[in-house]
Amino acid sequence: MTADAAPARKEVVATAAEAAARISDGMTIIIGGFVTANHPMPVVRELIKRGVGDLTVIGSATAGLEIDLLIGAGCVRKLIAPYVGAELYAPIGNCFRAAAERKQIEVWECSEYILYAGLQARAMGQEFMAWRGGVGTSIPELNKDLVVFESPLGDGKEYLAVPAIGADWGFFHVGWADVYGNAQHVGARFGDRVLARAADRVAVCAERLVPNSYIRRNPVMTSIPYADLVVEAPFGSHPYAAHGFYAEDAEHIQAYVAASAAYRKGDQGAFRGYLDEWVTGPADHDAYLEQVGIRRLLQLEREYSAVSLGRHAPEGWPDGQL
Amino acid sequence: MSQPPAWSWKEMMAVFFARQIRDGDTLCSGAHTEISFCAAMLAQKSHAPNLRLQLGGTGFLCNLAGRPVSGGVPKTSVDYRIAQWAEGYFDHPETFLFYGPPGGGRRYYTDRDAYADHNGYFFADHFFVGGLQVDYHGNVNLIGLGGDGTFTMRGPGSVGIGDVITVRNMFVFMTAHDRRRFVERVDYISTMGPSGWREKQFPGNGPQWIVSPLGVFDFTGEGMTARLRAVFPGHTEAEITEATGFPVHRSELFEQIPPPDAGELSLLRDEVDVTGVLR
């Protein structure tokens, strides 16, 4: 074997469209982030553009309107999440609520740690995890996959056996990643590390594509090693926040909530309008950002920086003396 | 004609919560509401600088004592503003690794003072839960309205309120008080009332209070049922009886709750709720 025949490390950079193309009807996917932060929106939008359907979608422990959007666009058959909404922006996701009430989606009823227990079981190669939370509630009545059993230790306490929950792909939004798939969150990591462990394959959208040497400066920060795909996506969580980079776009989120509220009341027009304008309309993520506009994007960066004393929070968390 | 009170119902609730928090307690604020966030921040800035506080859902451990609240109260449970007061952090799933009470048994819950010198974060002396419905037994419902697996109204989901099995005191807080919300029996149970916690032998105590814009219930009734503990200033017992779908009887511990005093209000308005979201 000669030196120039030595195999090179595999590079995994892809576009959002290429990442979404890995998903076909009927698959199970995980969408990371938390409520109004760090959702991989370029991939979410591409999935809708492709018209993929019958998905089982696993949201985060407090899933946001990125899941609501997938439901409203008709991509979802089954939902695994203990909450869908955006707190004060929308206490309940409108499309989620409408689809659940009309029985257009199946809801795998759970709570936060029931979700984590199932993901952990998969990540550890076990058939189930035991957890006491949810005992005595309606959750095991509504979700027949959860089995109530009595502790084998003989103390008479009841537990839930939470079966393993896996996924074909998990999609996440991080601060930066290198071409080999080493991804680092900047700021909070939410539940992303556990969610990623339960997925057979992982794709990350990253605010910045950075050299491997930059990752090596602090390998402890590598929260998702060896992602299968890395999508460079500046402002990739818009309209939601990305820790370390920018605030959520309150105005855009409110417009989405208004459109989805009309959808819930049976008026498809405004929601279709939102999809046309913001999801299927823009040719790609760059075109989407162009439509959002540079002034708005800079304003969201400033709003973040005003509190964090600059981008890239871990090096610049403030001392509180503002 | 009577003057409108010099404080809002949200401010009254925040002040009530803050008064229940003792220095050295642990608190997880859970999902975002401006009321619970303000209450925790107010307590830490006034009388509880040693409050060990997980503010919001992402696992930032915060101490605000002597630190300014610039830009206002965080808008969401993942608002990056929370990090400006943080001195610790854990991934959200790791929050569940802070659940084992000191000693491992029930003693923490029956003799909290025996652990007064512990400085660890452990989940939690206080936790806030909201609900679509709450009932006479303190069961809380975030799943939806209807029954038998059907929904006339689908709720947001149970989040983690059924998971907090080691909590010492859960505040059930309702931001409106009427017979659709205060019911004899909830349609679905996201987390049980205190008698359910005892029956299922959970380590913690579960709900200890129901707090609404009108007043406060405890669970001193027979079989740990709800009893009227206090009426907030400006409201009446008759008003609460009219708005409640279960029998309203006074608690043996019924008390008068004073309105927010000048010191509480100025601290709340000038140093916590600087943008006036509670007004």
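Structure: above.
Rules behind the numbers
Residues numbered from 1 in each chain as written. Chains lettered and ligands numbered in written order. Predicted model: local features only at pLDDT ≥ 70, side-chain atom pairs only at ≥ 80, totals over all residues. Heavy atoms only, no water. Helix = DSSP H or I, 4+ residues; strand = E, 2+ residues; numbered from the N terminus. Rg over C-alpha atoms; globule rule 2.2 N^0.38 Å. Contact = heavy atoms within 4.5 Å. Areas by Shrake-Rupley, 256 points an atom, 1.4 Å probe, with all protein chains shown as cover. Buried < 20%, exposed > 50% of the residue type's maximum accessible area, 1.4 Å probe, protein only. Axes fitted to C-alpha atoms, helices over the stretch in contact; angles between N-to-C directions. Left-handed = near helix turned anticlockwise from the far one by under 90°. Nonpolar A, V, L, I, M, F, W, Y, C, P; charged D, E, K, R; others polar. Lys, Arg positive; Asp, Glu negative; His and termini not counted. Salt bridge = Lys/Arg side-chain N within 4 Å of Asp/Glu carboxyl O. Polar contact = N/O pair within 3.5 Å; in protein donor to acceptor, adjacent residues only side chain to side chain. Phe/Tyr/Trp six-rings, centres within 6.5 Å; stacked < 30°, edge-to-face > 60°. Lys NZ or Arg CZ within 6 Å of the ring centre and 35° of its normal. Pairing = 2+ DSSP bridges. Buried area = accessible area lost by both parts, 1.4 Å probe.

Caption draft 1: Here's a closer look at the overall build of chain A. The number of helices and strands found in chain A is 13 helices and 13 strands. Rg of the C-alpha trace for chain A: 20 Å, near the compact-globule value of 20 Å for 322 residues, within the 12% margin. Its C-alpha atoms put chain A at 60 × 60 × 50 Å along the principal axes. Sequence separation of 24 or more characterises 73% of the internal contacts of chain A that already satisfy a separation of 6 or more. As displayed, chain A offers around 12400 Å² of accessible surface, 50% of which is attributable to carbon and sulfur atoms.

Caption draft 2: Examining unusual backbone geometry more closely. The residue after histidine 238 of chain A, namely proline 239 of chain A, is reached through a cis peptide bond having omega 10 degrees. Residue placement: proline 239 of chain A occurs in the loop between strand E13 (229-232) and helix H9 (250-264). Omega for the peptide link from phenylalanine 123 of chain B to alanine 124 of chain B comes to -15 degrees, which places this bond in the cis form. Mapping alanine 124 of chain B onto the fold places it in the loop between helix H3 (107-110) and strand E5 (126-129). Backbone geometry places aspartate 54 of chain A, a non-glycine residue, at a positive phi of 60 degrees. By secondary structure assignment, the location of aspartate 54 of chain A is in the loop between helix H2 (41-50) and strand E3 (55-58). Residue classification places aspartate 54 of chain A among the partly exposed positions, given a relative accessible area of 46%.

Caption draft 3: Structural view of the packing of H2 of chain A against helix H10 (residues 269-280) of chain A. Residue and element names in this part refer to chain A. Where H2 meets H10, the axes come as close as 10 Å, and the angle between the chain directions of the two elements is 120 degrees. Crossing of H2 against H10: the hand is left-handed. Contacts between H2 and H10 involve Arg45, Ile48 and Lys49 from the former and Leu275, Trp278, Val279 and Thr280 from the latter. Across the contact of H2 with H10, the residue classes break down as four nonpolar, one polar and two charged.

Caption draft 4: Summary view of the side chain of glutamate 248 of chain A. Mapped onto the secondary structure, glutamate 248 of chain A falls in the loop between E13 and H9. Despite its burial, glutamate 248 of chain A pairs with no opposite charge, the nearest such side chain being lysine 75 of chain B at 4.3 Å. Polar contacts involving the side chain of glutamate 248 of chain A include one to the side chain of tyrosine 89 of chain A, which spans 2.9 Å. Contact partners of glutamate 248 of chain A, with chain neighbours within four places excluded, come to Thr36, Tyr89, Pro239, Tyr240, Ala241, Ile253 and Leu300 of chain A together with Lys75 and Thr76 of chain B.

Caption draft 5: Looking closely at the packing of aromatic side chains. Scanning the model with the defined rule gives 42 aromatic pairs over all chains in all. Consider the rings of tryptophan 176 of chain A and tyrosine 214 of chain A, whose centres lie 5.3 Å apart with planes at 80 degrees: the pair is edge-to-face. Here tyrosine 214 of chain A lies in helix H8 (residues 212-216) and tryptophan 176 of chain A lies in strand E9 (residues 167-177), a separation of 38 residues in the sequence. On the basis of relative accessibility, which here comes to 3%, the residue tryptophan 176 of chain A falls in the buried class. A centroid spacing of 5.2 Å and a plane angle of 20 degrees characterise the contact between phenylalanine 128 of chain B and phenylalanine 171 of chain B, whose relative ring orientation is stacked. Taken together, the residues phenylalanine 128 of chain B in strand E5 and phenylalanine 171 of chain B in strand E10 (residues 169-173) connect sequence positions 43 residues apart. There is no split in this pair, since phenylalanine 128 of chain B and phenylalanine 171 of chain B are both buried. Here the aromatic residues Tyr113, Tyr116 and Trp131 of chain A together with Phe96, Tyr99, Phe123 and Phe127 of chain B are joined through ring pairs into a cluster of three or more. A cation sits over an aromatic face here: arginine 45 of chain A above tyrosine 288 of chain A, 3.5 Å from the ring centre. Its guanidinium or amino end placed over the ring of tyrosine 159 of chain A, arginine 132 of chain A lies 5.5 Å from that ring's centre, counting from NZ or CZ.

Caption draft 6: Representation of the sheet that holds strand E7 (residues 140-141) of chain B within the structure. Residue and element names in this part refer to chain B. The strand order E7-E6-E11 describes an open sheet built from three strands, whose pairing is mixed. Each edge of the open sheet carries a strand with a single partner, namely E7 and strand E11 (182-183). Examined bridge by bridge, strand E6 (residues 133-135) and E7 share two bridges and lie antiparallel to one another. From the neighbouring strand, valine 134 faces E7, where its bridge partner is valine 140.

Caption draft 7: Fine view of the pairing of strand E8 (residues 158-163) of chain A. Residues and elements named next belong to chain A. In this sheet, E8 lies alongside strand E6 (residues 128-131) in antiparallel orientation, the contact comprising four bridges. Directly across from phenylalanine 128, in E8, lies its bridge partner proline 163. As paired strands, strand E7 (residues 147-150) and E8 are joined by four bridges and run antiparallel to one another. Across the sheet, valine 148 pairs through a bridge with leucine 160, a residue of E8.

Caption draft 8: Expanded view of the interface of chain A and chain B. Taken residue by residue, the interface counts 60 residues in chain A and 50 residues in chain B. Carbon and sulfur atoms make up 59% of the surface buried where chain A meets chain B, a total of about 4600 Å² over both sides. Among the residues chain A hides against chain B, the three largest losses belong to Glu87, Arg132 and Val307 of chain A. Together they make up 12% of the total. Where arginine 81 of chain B meets glutamate 303 of chain A, a salt bridge forms, and the shortest distance between an N and an O atom there is 3.7 Å. In this assembly, chain A and chain B are joined by 26 residue pairs in polar contact (both at pLDDT 80 or more). Counting only elements with at least two residues in the side of chain A that touches chain B, the list comes to helix H4 (94-101), helix H5 (112-124), helix H6 (139-142), helix H7 (192-197) and helix H12 (294-308) of chain A. Here the side of chain A that touches chain B is composed, by residue class, of 32 nonpolar, 13 polar and 15 charged.

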